Amino acid sequence: MEKFDYSIGYGYDVHKLVKGRKLILGGVEIPHSKGLDGHSDADVLLHAICDALLGAAGLNDIGHQFPNTDAKYKNISSLVLLEETYKLISKKKWKVVNIDATIVLEEPKIYKFAPEMKENISGILKIKTISIKATTAEGLGFVGKKQGCEAKAVALLQKKYA
């Protein structure tokens, strides 16, 4: 009889919006006058998803796995970090069941980019059940003042035993 274990992980990331950087979310370049500041491409969505996956698998967080003090991660695409995260959880025999994520950003509106983001993520994680939602902070806090962007994600993992 087959047995399954399930595990849920939560991820969160935030980065400051600055001039002179590209705005990359879900591996998609979004036209905007500002981008997210960070050591890598600062893709808050993919960073939150990585942390959710790592947490669900009982592994150390994204900062431990891919430290911002390591030059090899400078300006790296977070799609590469997601691929590496997928390899780490796969080694532990975990399979991704689904991802549910929310991006909090005043502008630009990103709903039309969500299908491409989902395609990028599903191609790496080999799943179809991905929800990417976008909302604003209604003018409140650093996000509401257009100073940054944050993302939250949950991941459900499954491990099958023969």
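Here the structure is shown first, and the text comes after it.
These notes cover the structure that comes with them.

What counts and what doesn't
- Residues numbered from 1 in each chain as written.
- Predicted model: local features only at pLDDT ≥ 70, side-chain atom pairs only at ≥ 80, totals over all residues.
- Heavy atoms only, no water.
- Core = buried A, V, L, I, M, F, W, Y, C linked by side-chain atoms within 4.5 Å.
- Buried < 20%, exposed > 50% of the residue type's maximum accessible area, 1.4 Å probe, protein only.
- Helix = DSSP H or I, 4+ residues; strand = E, 2+ residues; numbered from the N terminus.
- Contact = heavy atoms within 4.5 Å.
- Salt bridge = Lys/Arg side-chain N within 4 Å of Asp/Glu carboxyl O.

On to the nonpolar core, then. Residues L25, I49, L53, M117 and L125 are the most contacted members of the largest nonpolar core, which totals 47 residues. At the level of secondary structure, the elements contributing two or more residues to this core comprise β2 (23-25), β3 (28-30), α1 (44-56), α3 (78-91), β5 (95-104), α4 (114-125), β6 (130-135) and β7 (148-161). Per element, the largest residue contribution to this core is 10 residues, and it comes from α1. Apart from the residues lying within four places of it in its own chain, the contact partners of L53 are L82, T85, I89, V96, I99, L125, A155 and L157.

Let us look at the pattern of salt bridges. Think of it this way: side chains of opposite charge can pair up when their charged atoms draw near. All chains considered together, the criterion is met by 5 salt bridges. The partner of E84 in a salt bridge is K87, and the shortest N-O contact between them spans 3.2 Å. One end of the pair is E84 and the other is K87, both in helix α3 and 3 residues apart, which spans about a single turn. The class of K87 is partly exposed, set by a relative accessible area of 46%.

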